[in-house]
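# Structure assessment
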Amino acid sequence: MSLTDPDRLFPVEPALRSLAKDLYAGIADLSILSPHGHCDPRWFAENKRFPNPAELFVIPDHYIFRMLVSQGIGMDTLGLSRVDGGTTERDPRKIWQVFADNFHLLRGTPSAMWLNHSFEHVFGIDIPLTSGTATEYFDHIDAKLGDDAYRPRALFDRFKIDALATTESALDDLSWHQMIRDSDWPGKVVTTYRPDAVVDPEFEGFAKNVVQLGAITGEDTATYAGYLNAHRARRAFFKTMGATASDHGHPSARTEDLPRAVVEDLFHKACAGTCTPDEADAFRGQMLTEMARMSQDDGLVLQIHPGSWRNHSAQTFAAYGRDMGFDIPSRTDYVAALKPMLDAVGMDPNLTIILFTLDETAYSRELAPLAGAYPALRLGPPWWFHDSYEGIKRFREATTETCGFYNTVGFNDDTRAFCSIPARHDVSRRSDCAYLAQLVATGRLSQADAHEVAQDLAYGLAKAAYRL
Amino acid sequence: MSLTDPDRLFPVEPALRSLAKDLYAGIADLSILSPHGHCDPRWFAENKRFPNPAELFVIPDHYIFRMLVSQGIGMDTLGLSRVDGGTTERDPRKIWQVFADNFHLLRGTPSAMWLNHSFEHVFGIDIPLTSGTATEYFDHIDAKLGDDAYRPRALFDRFKIDALATTESALDDLSWHQMIRDSDWPGKVVTTYRPDAVVDPEFEGFAKNVVQLGAITGEDTATYAGYLNAHRARRAFFKTMGATASDHGHPSARTEDLPRAVVEDLFHKACAGTCTPDEADAFRGQMLTEMARMSQDDGLVLQIHPGSWRNHSAQTFAAYGRDMGFDIPSRTDYVAALKPMLDAVGMDPNLTIILFTLDETAYSRELAPLAGAYPALRLGPPWWFHDSYEGIKRFREATTETCGFYNTVGFNDDTRAFCSIPARHDVSRRSDCAYLAQLVATGRLSQADAHEVAQDLAYGLAKAAYRL
Amino acid sequence: MSLTDPDRLFPVEPALRSLAKDLYAGIADLSILSPHGHCDPRWFAENKRFPNPAELFVIPDHYIFRMLVSQGIGMDTLGLSRVDGGTTERDPRKIWQVFADNFHLLRGTPSAMWLNHSFEHVFGIDIPLTSGTATEYFDHIDAKLGDDAYRPRALFDRFKIDALATTESALDDLSWHQMIRDSDWPGKVVTTYRPDAVVDPEFEGFAKNVVQLGAITGEDTATYAGYLNAHRARRAFFKTMGATASDHGHPSARTEDLPRAVVEDLFHKACAGTCTPDEADAFRGQMLTEMARMSQDDGLVLQIHPGSWRNHSAQTFAAYGRDMGFDIPSRTDYVAALKPMLDAVGMDPNLTIILFTLDETAYSRELAPLAGAYPALRLGPPWWFHDSYEGIKRFREATTETCGFYNTVGFNDDTRAFCSIPARHDVSRRSDCAYLAQLVATGRLSQADAHEVAQDLAYGLAKAAYRL
């Protein structure tokens, strides 16, 4: 018995399936490039064992626990930490049982496929997870986690990861990255510059963060000039820990290119905590343009992840804090929003700005036309809710005809669920091969070209775009 | 000869088709639950014969007559009633002939499939409707309508309807429902609480309606407290006629949770007819939250049907009134709009709020993420223009990966075209089986699970969500 | 060897493919109607040879050069003219080589299919375009262009074009059209009335253009009444050159039906150059309604092409001017926007207004419901970025179920790339047959009806809608 179909995600029609399998055979064993994600560098620095199945698969994965919550299962029952430090379930076996009892809620979701892939291909399990097999599952996985072969570095090597980018705050000391570099382990784990805490006036503790930024860099961040210099210094420091990119998670894709005096005024208001919401938004938008200008100098790739309404449930945020599965996408405009930045730097062929979206309507209407014109723009892969077979299909069908393959950048797993990395890349590779098979069989692409494109989508484009 | 293909809507690829047929075989004969719709309870109370083919199939069905109107056929020609009482066509045979002459306009639409299904499976016809067969059709159907086997109750039983919900105004005396209950017929016809006339300050006669609401309930609806009590009383009365749900058709999905004093002020303005459009909208939004709170107490399921621009053509509205096929969907936001209500009640696992949309862009961007997080939320099936093979396909493909199957609620036929009920449920069941077959054949769902899900989508989820 | 698959764009499943081929066989050889496009009437008036491959295929085609630009190739390198008259590449062989070197950027795009179709079916080439074959290609095409059989009129005849509409400014003297009419060549080339320069207060030189409009027509365009009369006169003149339609490219679909005094005031502000952006938009919107009223009188079909943000890159516009591939679609509302015009004229069955969109979300949500109700409305085919296999598929799947086939108007190639006309119509015909085959095989349309619909989509609907 098997939890995963060896021909999963390939088209069903025999001629198409045969084409897709042939394309996939050429790329299935390529190494993994993971140029954007949220793994914890500490795992690879310390190389300790993962604690238990619940803490590996359930508690840190908002894709999974939010689905259980959406059907009335309490966050306390799932062992999620309360902001007030109140007690929640601590027994990983109980949490695992609840998870198993409700595994059917994930039917038809990519999470189910990623989990089954991990269960089978990482842990060697071949029976379905059900209420009845929950204990057997727990014992089996828990035992494996005690093996050295299941420690983070060993899995990293076994997953054939050529490079893995984590994401750290601009204020992070990157000590875990330093510890990796100081070790004898050759795995390539690099950081990414994520300055939200010091570019978003609405971020908790913004003013204090800016002071800290000054302290770390020795720049006078009470002045805007010093503040910009401090960014330059941190970016340079992040580059010493392998960074090739920065990353920006804003509520919208708004950019600005305002006169210096206006920006300085916004900056001082931001530090004083007196920005209106619109002024805060304008400052964030200005900083995207500033970051792009710094990228012109230092070569970091700029990633924009806009359009998530964070912590939508006030009650959940108050009780459990951030990242609890209540980040909801909203409509995102790119055409007006990006114009100030694009007028400033968009025609620079040496700059790379990678756009992501949670609003699929932008694919064919805005993103593909923009990326199919501006030399600085590339499209990131389907993100978050859309990192799935149907999501990838919609992305390719909506963008390829307008901006081709070469204005896209391959796959990002964007995950903190380490064991899902091979599964996610596999889904991406299979879904792309399914799409390419369709193009070949309908006379839209030659088979030889399709093989080349498959390689590019699985590896080459990410390597080039992220300068890895 | 046959008007309907026995394998209609199933995938064409043989392996997929075989899977879909197998899934469908397991559910094709399940009874029908119709938890939301607009049939007239009077039909089942009086059990009179339907008058003639034109009044059964053409005149009451805006899907059909608007298509003829869109090609230049006058509403008068189709026998639609004028507001001014002026003469329109009264000969059902003439109307039927115009309908037959233009039947090709419906090619490729679900209406054509529903009609052919009714013609063949309800009336036993096996020749296509054309100009040449119009008279034969009319005679045949008209004769059948005279049979007792074609009276409303007999058809209800023949259609194997386990429960049918109609929709009545909060001010309705539900006398037809009472008459059904007083009869010896065991058919389960239940009402639904639809209070638009007394929650929408822009509804014709709102102030008078609120006075009437007071008179009916013995509450002092000149006060907001009395007004709320009157709602509670009516909801309780509707529950005695089987209601398990309320239904709300607002221009947008806006909700509010305003301070009591502000709401009282809005209420008094609404009664005085002095609300601005924005105040009217705010009051409607507040009432959704109030209705949700009442649902927490009395268990009625809350249905929200937002986003239709009613009576878009001023000329048509003036001449022919409401529901003339000129209700046009518009963009609908849910993320900001629902937040006040969700912050108030969204985490309550004992509450059920069912969201519908005419804006398919919300499926993957807003609705599935919301329903995949908030315990109180479920997604209604594709509505109105999207109640079709392609509409259902888009719905499943866009929502399942994010919120699974168990945050959806099965099918609603939402129709006043009684004979189309079996046809619509059949389209839904076939379309879902086609989708499930695709999942099975591409390794995204086991065949055993697919059979279970097919049962749930066809019957179980509606029963559970609507507490029928 | 062949550059084009004879079964391209047909479904892969054998039964579906067979159905699609059968449908296509019935329409493949129909003549072409090209009721909207941007060919230069001068070609057919003078009938000179096309200069060289680069000037035929690369320099005038923004689909192609923008893709190269998006990957960092300079516009100068591609020989595009600078606004300042500065030097850009003049050697067509060098431009052609750059094009060939980067042909892989077009993989998966409709441009690649159109080009390969032209290379093979117009120029008889059967080897792929690569860096290595660039010179051979250039020589071969250039030699052909010297043949009389490759002059514009000969190609027009060979392409079996029954009628071709060009698009001219309201101020154009239509002398090339006159020259065609004065010639002995029977080819039907007609003009289209495009009055943007005299209805858009933000158009460069609007005031001067209105004066010129007066001069041409002998009307006093200093008054609004004279201005309207001047339009009437020009429309009548355009009709003498075969025009059956007007065309309007506005930033939005906004229409207005304002009181005469307000409009006159807007008109005088527009002529004085003192309109605010909103007033300019209101005036454009009013003029759509006025044009529709004139159409009621003179029978011209009204085409609305809204929603393109023209010249998005300020830097590119400053250096290279208009139409440089930087026109980006944006969200477009129709429901509120069209209401004033529809309330004025939308119920007139003798009027035809054809709506286009670059915002595919409007298909199922707004456009199909509007066209499926208002007698005056029809939907234009997928436009610009969406004139492709996937674009056509999305259009049919999103609109047919709501407005059927008969509220659509067949295909527009909308191109200035003359050699792509047969290729584009072929893509449209094949894509429609693929869609129809799917309907037939899934029991949604009879095979006999599908053959009739295929004819209508390929020829009949365009002929009827455009009154050609």
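Residues numbered from 1 in each chain as written. Chains lettered and ligands numbered in written order. Predicted model: local features only at pLDDT ≥ 70, side-chain atom pairs only at ≥ 80, totals over all residues. Heavy atoms only, no water.

## Considering the overall build of chain A
The condition is simple: The helix and strand labels rest on DSSP assignments: H or I over at least four residues marks a helix, E over at least two residues marks a strand, and numbering proceeds from the N terminus. Just to be clear, the radius of gyration here is over C-alpha atoms, and the globule rule we use is 2.2 Å times residues to the power 0.38. Only protein chains enter the calculation, and the probe is 1.4 Å; a residue is then buried if its accessible area is under 20% of its type maximum, exposed if over 50%, and partly exposed in between. For this analysis, residues touch if any pair of their heavy atoms sits within 4.5 Å. Per-residue and other accessible areas were derived by the Shrake-Rupley procedure at a 1.4 Å probe size, with only the shown protein chains allowed to occlude residues. Under the counting rule used here, the positive set is Lys and Arg, the negative set is Asp and Glu, and His together with the chain ends is not counted. By convention, the charge on Lys lies at NZ, on Arg at CZ, on Asp at CG and on Glu at CD.
In terms of regular secondary structure, chain A is built from 20 helices and eleven strands. Since a compact globule built from 468 residues should have a radius of gyration of about 23 Å, the 23 Å found for chain A is in line with a globular shape. Seen through its principal axes, chain A has C-alpha atoms that stretch 70 × 60 × 45 Å. Across the 468 residues that make up chain A, the buried fraction comes to 65%. Looking at chain A alone, contacts between residues at least 24 apart form 77% of all its contacts between residues at least 6 apart. Summing over all exposed atoms, chain A offers an accessible surface of approximately 15100 Å²; the carbon and sulfur share of this is 51%. Positive and negative side-chain charges of chain A, numbering 46 and 64 respectively, have mean locations separated by a distance of 1 Å.

## Let's talk about empty space enclosed by the protein
For clarity, the threshold we go by: Grid points spaced at 1 Å and placed over the protein atoms alone form the basis of the search, with a cavity being a set where a 1.4 Å probe fits but cannot get out and a pocket an open set showing protein on both sides within 12 Å along at least five of seven lines. Lining residues have an atom within 4 Å of a point. Grid points are joined across faces, edges and corners, and a volume is the space filled by probe spheres set on the points. Three classes are used: nonpolar for Ala, Val, Leu, Ile, Met, Phe, Trp, Tyr, Cys and Pro, charged for Asp, Glu, Lys and Arg, and polar for all others, with Gly counted as polar.
Its volume calculated, the largest cavity comes out at about 1100 Å³. Considering the residues around the largest cavity, the lining is formed by 46 residues, among which K393 and Q438 of chain A, K393 and Q438 of chain B together with Q438 of chain C are closest to the centre. Of all the secondary-structure elements, those providing two or more residues to the lining of the largest cavity are α18 (389-403) and α19 (421-441) of chain A, α18 (389-403) and α19 (421-441) of chain B together with α18 (389-403) and α19 (421-441) of chain C. Classifying every residue of the lining of the largest cavity by side-chain character gives 23 nonpolar, eight polar and 15 charged. Put simply, the second largest cavity is a space of about 840 Å³. In terms of lining residues, the second largest cavity is bounded by 33 residues, among which R394 of chain A, E360 and R394 of chain B together with E360 and R394 of chain C are the most central. Breaking the lining of the second largest cavity down by element, the ones donating at least two residues are α17 (362-371) and α18 of chain A, α17 (362-371) and α18 of chain B together with α17 (362-371) and α18 of chain C. When its residues are assigned to classes, the lining of the second largest cavity shows six nonpolar, six polar and 21 charged.

## What about the interface of chain A and chain C?
Threshold: Defined here as a combined quantity, buried area equals the accessible surface (1.4 Å probe) lost by two parts on assembly, summed across both. The working definition used for a salt bridge is a side-chain nitrogen of Lys or Arg within 4 Å of a carboxyl oxygen of Asp or Glu. Polar contact is defined as a pair of N or O atoms within 3.5 Å, subject to the rule that within protein one atom must be able to donate a hydrogen and the other to accept it, and that residues adjacent in sequence are counted only when both atoms are side-chain atoms.
If you look at the interface, chain A gives 44 residues, while chain C gives 44 residues. At the boundary of chain A with chain C, total buried surface from both sides reaches about 3700 Å², with 56% on carbon and sulfur atoms. Three residues stand out in chain A for area buried against chain C, namely R365, E401 and R444 of chain A, and they jointly supply 19% of the buried area on that side. Measuring nitrogen to oxygen at the nearest pair gives 3.4 Å for the salt bridge that ties D449 of chain A to R107 of chain C. At the boundary of chain A and chain C, one finds 22 residue pairs in polar contact (both at pLDDT 80 or more). Broken down by secondary-structure element, the contributors of at least two residues to the side of chain A that touches chain C are α1 (14-25), α16 (339-345), α17, α18, α19 and α20 (447-465) of chain A. A per-class count over the side of chain A that touches chain C returns 21 nonpolar, eleven polar and twelve charged.

## So, the pattern of salt bridges
Residue and element names in this part refer to chain A. For the structure shown, the criterion picks out 111 salt bridges over all chains. Its salt-bridge partner being R82, residue D84 comes within 3.3 Å of it at the nearest N-O pair. Looking at R82, the relative accessible area reads 24%, which means it is partly exposed. E290 is the salt-bridge partner of R293, the closest N and O atoms lying 3.7 Å from each other. On the criterion of helical spacing, the pair formed by R293 and E290 is a turn pair, its members being three residues apart in helix α14 (residues 277-298). By relative accessible area, R293 is classed as partly exposed at 30%. Residue classification places E290 among the buried residues on the basis of a relative accessible area of 12%.

## Comments concerning the interface of chain B and chain A
Between chain B and chain A, the contact holds 45 residues from the first and 44 residues from the second. Summing both sides of the interface, chain B and chain A together bury roughly 3700 Å²; the carbon and sulfur share of this comes to 55%. By the criterion of area lost to chain A, the three top residues of chain B are R365, E401 and R444 of chain B, representing 19% of everything that side buries. Our enumeration of links across chain B and chain A arrives at four salt bridges. For R444 of chain B, the salt bridge identified is with E390 of chain A, shortest N-O distance 3.0 Å. Mapped by element, the contributors of at least two residues to the side of chain B that touches chain A are α1 (14-25), α16 (339-345), α17, α18, α19 and α20 (447-465) of chain B. When grouped by side-chain class, the residues that make up the side of chain B that touches chain A number 21 nonpolar, eleven polar and 13 charged.

## Regarding the packing of helix α11 (residues 206-217) of chain A against helix α13 (residues 260-272) of chain A
All names here are of chain A. Heads up, the condition is: Only the stretch in contact is used when fitting a helix axis, every axis being a line fitted to C-alpha atoms; angles between N-to-C directions are given from 0 to 180 degrees. In this scheme, roughly parallel covers angles under 35 degrees and roughly antiparallel covers those over 145, while 65 to 115 is roughly perpendicular and the rest are oblique.
Relative to each other, α11 and α13 sit at 110°, their axes nearing to 7 Å. Judged by the angle between their axes, α11 and α13 are roughly perpendicular. Counted together, F206, A207 and V210 of α11 and F267, A270 and C271 of α13 form the full contact between these two elements. Here the contact of α11 with α13 is composed, by residue class, of six nonpolar, no polar and no charged.

## Notes on α18 of chain A
Applicable threshold: Multiplying one less than the number of residues by 1.5 Å gives the expected span of a helix.
Its 15 residues place the ends of α18 of chain A 20 Å apart at the C-alpha level, agreeing with the 21 Å of an ideal helix rising 1.5 Å per residue. When you tally the buried positions in α18 of chain A, you get 13 out of 15 residues, the bulk of the element.

## Brief notes about the layout of surface pockets
Residues and elements named next belong to chain B. Taken as a whole, the second largest pocket encloses approximately 1500 Å³ of empty space. Around the second largest pocket sit 49 residues that line it, and R194, D196, R310, R322 and D323 are the ones nearest its centre. For the lining of the second largest pocket, the residue count by class is 15 nonpolar, 13 polar and 21 charged.

## A closer look at the side chain of S308 of chain B
Position of S308 of chain B among the secondary structure elements: in strand β8 (residues 308-309). Excluding its chain neighbours within four sequence positions, the residues that come into contact with S308 of chain B are H250, P251, D327, I328, P329, L358 and W384 of chain B.

## Details of the nonpolar core
The criterion, for reference: Here, nonpolar core means buried Ala, Val, Leu, Ile, Met, Phe, Trp, Tyr and Cys residues that are tied together by side-chain atoms lying within 4.5 Å of each other.
Counting 138 residues, the largest nonpolar core has W96 and F119 of chain C as its most contacted members. Looking at this core, the element that brings in the most residues is α14 of chain A, giving eight residues. If sequence neighbours within four positions are ignored, F119 of chain C has contacts with L3, F57, W96, F99, F103, G124, I125, L129, Y137 and I141 of chain C. Residues L129 and F138 of chain A together with L439 and A450 of chain B belong to the second largest nonpolar core, which totals 136 residues.

## What about the packing of aromatic side chains?
The following threshold applies: Centre distance within 6.5 Å is the pairing criterion for rings of Phe, Tyr and Trp, where only the six-membered ring of Trp is used; planes under 30 degrees apart are then read as stacked, over 60 as edge-to-face, and the remainder as tilted. Counted as over-ring charges are cases with an Arg CZ or a Lys NZ within 6 Å of the ring centre that also lie within 35 degrees of the ring normal.
Taken as a whole and judged by the stated rule, the model has 108 aromatic pairs over all chains. Measuring from centroid to centroid gives 6.3 Å for F237 of chain C and F238 of chain C, while their planes differ by 85°, and the two rings are edge-to-face. Given a relative accessible area of 27%, F237 of chain C falls into the partly exposed group. Since its relative accessible area comes to 0%, F238 of chain C is described here as buried. For R322 of chain A, the ring lying beneath its charged end belongs to F203 of chain A, and the centroid distance is 5.5 Å. Above the ring of Y63 of chain C, the side-chain terminus of R424 of chain C is found at 5.2 Å from the ring centroid.

## Examining the relation of the copies chain A and chain C
Test applied: Copies are brought into register by a least-squares superposition over C-alpha atoms of residues with pLDDT of at least 70 in both.
Screw-axis analysis of chain A against chain C gives a translation of 0.0 Å along the axis, an RMSD of 0.0 Å, and a rotation angle of 120°. With respect to symmetry, the two chain copies, as superposed, fit the operation of a three-fold axis. Across chain A, the smallest distance between a C-alpha and the rotation axis is recorded for E13 of chain A, namely 3.6 Å. Take the interface residues of chain A: only 7% of them recur as interface residues in chain C, which is what a contact between different surfaces looks like.

## Some words on the sheet that holds strand β4 (residues 189-190) of chain B
All names here are of chain B. Inclusion rule: Any two strands are treated as partners once DSSP identifies two or more bridges connecting them.
Read from one edge of the open sheet, three strands run β1-β2-β4, paired in parallel fashion. Strands with a single pairing partner mark the edges of an open sheet, and in this sheet they are β1 (32-34) and β4. Pairing of strand β2 (residues 161-165) with β4 involves two bridges; the strand directions are parallel. Residue A165 lies in a different strand from β4, and its bridge partner there is V190. Across the face of the sheet, α19 comes into contact with β1 and β2 while running at roughly 105° to β1.

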